[in-house]
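Letter by letter, the chains look like this.
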Amino acid sequence: MNDELPAEFLLDGFPSAIRETGRTLRSLILATVPGAVETVRTGWRWIAYSLPEAGRVRNFAWIGPERKHIHLGFEHGTLLADPEHLLH
């Protein structure tokens, strides 16, 4: 994990469609969840999102680019409130 690397460090090595999708997902997460902290996890090749909580890091979402597709994941997705079934 390296808190100082920008997300572009990870995304720049991927094809343009993956890169642009990653940028769009980043913008969506950061606009939707004020105060979210973005961390590049180089070992997992993820961009992780967390909210500060009493000195602990608790990820709630991640973006995982690959050569042909990109993942948007939620750490505890089945436990998220989703009354409109948007995550179904």
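To be clear, the structure that these remarks concern was listed above.
Residues numbered from 1 in each chain as written. Predicted model: local features only at pLDDT ≥ 70, side-chain atom pairs only at ≥ 80, totals over all residues. Heavy atoms only, no water.

Visitor: Summarise a nonpolar patch on the surface; cite the residues concerned and give the values.
Guide: A surface patch of nonpolar side chains, about 460 Å² in accessible area, is lined by Leu72, Phe74, Leu80, Leu86 and Leu87. Relative to the helices and strands, Leu87 resides in the segment after strand E4 (70–74). The exposure class of Leu87 is partly exposed, given its relative accessible area of 44%. (Patch = residues over 30% accessible without salt bridge, like charges linked within 9 Å, V, L, I, M, F, W, Y side chains within 5 Å. Areas by Shrake-Rupley, 256 points an atom, 1.4 Å probe, with all protein chains shown as cover. Salt bridge = Lys/Arg side-chain N within 4 Å of Asp/Glu carboxyl O. Helix = DSSP H or I, 4+ residues; strand = E, 2+ residues; numbered from the N terminus. Buried < 20%, exposed > 50% of the residue type's maximum accessible area, 1.4 Å probe, protein only.)

Visitor: Kindly report on the packing of aromatic side chains, identifying the contributing residues and their values.
Guide: Here the structure, examined in full by the defined rule, presents 2 aromatic pairs. Aromatic pair Trp44 and Trp46: ring centres 4.7 Å apart, planes at 85°, arrangement edge-to-face. Overall, Trp46 belongs to the buried group, its relative accessible area being 17%. Arranged with centres 4.1 Å apart and planes meeting at 5°, the rings of Trp46 and Trp62 form a pair that is stacked. Of this pair, Trp46 sits in strand E2 (residues 46–53) while Trp62 sits in strand E3 (residues 56–65); the two residues are 16 residues apart in sequence, bridging distant segments of the chain. Taken individually, Trp46 and Trp62 each receive the classification buried, so the pair is uniform in this respect. Members of the aromatic cluster, each reached through a chain of ring pairs, are Trp44, Trp46 and Trp62. (Phe/Tyr/Trp six-rings, centres within 6.5 Å; stacked < 30°, edge-to-face > 60°.)

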